[in-house]
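In case you want the letters, here they are:
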Amino acid sequence: MAEDTIYAGFDRAAAAVADQVVRWRHHLHQHPELSNRESGTAQLISEHLRSLRFDEVRTGVAGHGVVGVLRGGRPGDRVIALRADIDALPVPDLCGVPFASHVVDENYPGGPFPVSHACGHDCHTSMLMGAATVLAGARENLPGTVLFVFQPAEEGPPVDERGGARAMVDDGACADPEPTMAFGFHVTPYPKGYIGYRVGNQFGASCLIKIVITGRQVHGSTPWMGIDPMPAAGAVMTGIGQLYRQLDAFDPITVTIGHVEDVGRFNIIGERVTLWGTIRCAIETDMSEAQTRLETLATHTALAYNCSATVEYLQDVPAVHNGSRWMAAGLPTFRRVGGGADKVGGTAPTLGYDDVSEFVNRYGGLYVTLGVQDAELDDSGMPRPAPGGRGLYINHNPHFYADDDTLVTGVRLHSYVAYDHLSGTLVV
């Protein structure tokens, strides 16, 4: 069958499933689940894949991960892994849609938390479910195998639990058959339908920071009889703002403390303060130096206040790397999906992370972005609010939103990339 006929079939099938994709997305948005708690989401996914008569549907992978195996009807040795993340965030939903989330997780460690899909994983999940429908309907024309990898805990599991992409790999999610390419994409506040990419690191490297500063507990009326760890914690956080001066100014790095946890009350000086945060590096090799500088800062600052400090680095995530040869092979596919070169373009560097790197860096492949908001590009190629639109809201903001009409583009993007890799067009 001619390739133009294949693509036209994908477009018809994507249009036919578009309304269902929107319904899935609305359901997931209203019923978000935090990392390592995605049981209802996993059930929805697995039931759908089984209804399509997939060759295999594996559940319970690294928690609530689901892997569907679809073997094509034509001979071929290539295997593509299409990945979507399925977890939500502890962020309130203020995006203003009728299907907004009102979920509160009372039992999650550190909670209770409001829960929402403020990062857009509801879109990722529903679009890959739609692509499963499209590709299952065309399986007789697929010269190889498609793995549908629905990954839990991309946002990071609770610190005392395992989870995420590395756990899926360790549990053999892609061991049989092993991919010859991995692919995925992330929704972003760029113009609707715009496919963005970077050659090199699409997303940065990341780690989770845990700093425990210990003093000596005492009544709030007699601070001289104990050792207050709170001023040391404040000094550490102030000092973090100067770490950039100790590192190469031309390689972006950020150190953020997002949560402060103490064990005192209004009239008690507690024994310890725990700082939770993250380091992000555009260049992965800078991570060890940033960690060393932060540990020196924390331990020596604590000593200056007669306290002690321990520093741990957890949940390290490598940068997502798009190789130049892979991108050269993928751009014709992206332009075909987008409808022209003006719908596909380079994006600015970001210190966001995504543990899809565990798949892309291991098996080869690509990770790109898909615009889903009321935006336009300025003369420098950066997004700005489109006149009369809803504005721009970055992922993880309570007001983050995604346009339903763009979801069909994501279905087509998965389908085109899968076919082009299996048929030998998108290979290196």
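Details of the structure are given in the entry above.
From a predicted model like this one, the values you see are computed outputs, not experimental measurements.

Caption draft 1: Highlighting unusual backbone geometry. Here the residue pair Gly111 and Pro112 is connected by a cis peptide bond, since its omega of 10° sits within 30 degrees of zero. With respect to the helices, strands and loops of the structure, Pro112 is situated in the loop between strand 4 (104–105) and strand 5 (113–114). In this structure, Asn306 takes a positive phi of about 60° despite not being glycine. Residue placement: Asn306 occurs in the loop between helix 6 (287–304) and strand 15 (308–317). Judged by relative accessible area, Asn306 falls into the exposed class, the value being 60%. For His396, which is not glycine, the phi torsion reads 80° and is therefore positive. Position of His396 relative to the elements: it lies in the loop between strand 20 (383–385) and helix 9 (407–422).

Caption draft 2: Spotlight on the pattern of salt bridges. Going through the model one piece at a time under the given rule, you end up with 18 salt bridges. One salt bridge connects Glu56 with Arg58, and the closest N-O pair in it is separated by 3.2 Å. Owing to a relative accessible area of 27%, Glu56 belongs among the partly exposed residues under this scheme. Here the salt bridges do not stand alone but share partners, grouping Arg83, Asp85, Asp354 and Asp355 into one network.

Caption draft 3: Structural detail: the state of the cysteines. Using the criterion set out here, one finds zero disulfides in the structure. Cysteine Cys123 remains unbridged, with the sulfur of Cys95 as its closest cysteine sulfur at 10.0 Å.

Caption draft 4: Geometry of helix 2 (residues 39–51). Look at helix 2: 18 Å from first C-alpha to last across 13 residues, which is about the 18 Å you get at 1.5 Å a residue. When helix 2 is considered as a whole, its buried residues turn out to be Thr41, Ala42, Ile45, Ser46, His48 and Leu49. Relative to the axis of helix 2, the buried residues are bounded by an arc of 160° and lie together on one face. Tucked into the core, helix 2 has its buried residues touching helix 1 (3–30), strand 1 (56–61), strand 2 (65–71), helix 3 (121–137) and strand 6 (145–151). Of the residues trailing helix 2, Arg53 is marked for its positive phi of about 60°.

Caption draft 5: Spotlight on the environment of Val159. Within the element layout of this structure, Val159 appears in the loop between strand 6 and helix 4 (165–170). Sequence-wise, Val159 and Lys210 are 51 residues apart; in three dimensions their C-alpha atoms are separated by 9.7 Å. If near-sequence neighbours (up to four positions away) are discounted, Val159 is found in contact with Leu208, Trp276, Leu314 and Gln315.

About the thresholds
- Residues numbered from 1 in each chain as written.
- Predicted model: local features only at pLDDT ≥ 70, side-chain atom pairs only at ≥ 80, totals over all residues.
- Heavy atoms only, no water.
- Helix = DSSP H or I, 4+ residues; strand = E, 2+ residues; numbered from the N terminus.
- Buried < 20%, exposed > 50% of the residue type's maximum accessible area, 1.4 Å probe, protein only.
- Salt bridge = Lys/Arg side-chain N within 4 Å of Asp/Glu carboxyl O.
- Disulfide = S-S within 2.5 Å.
- Expected span 1.5 Å × (residues − 1).
- Arc of directions from axis to C-beta.
- Contact = heavy atoms within 4.5 Å.

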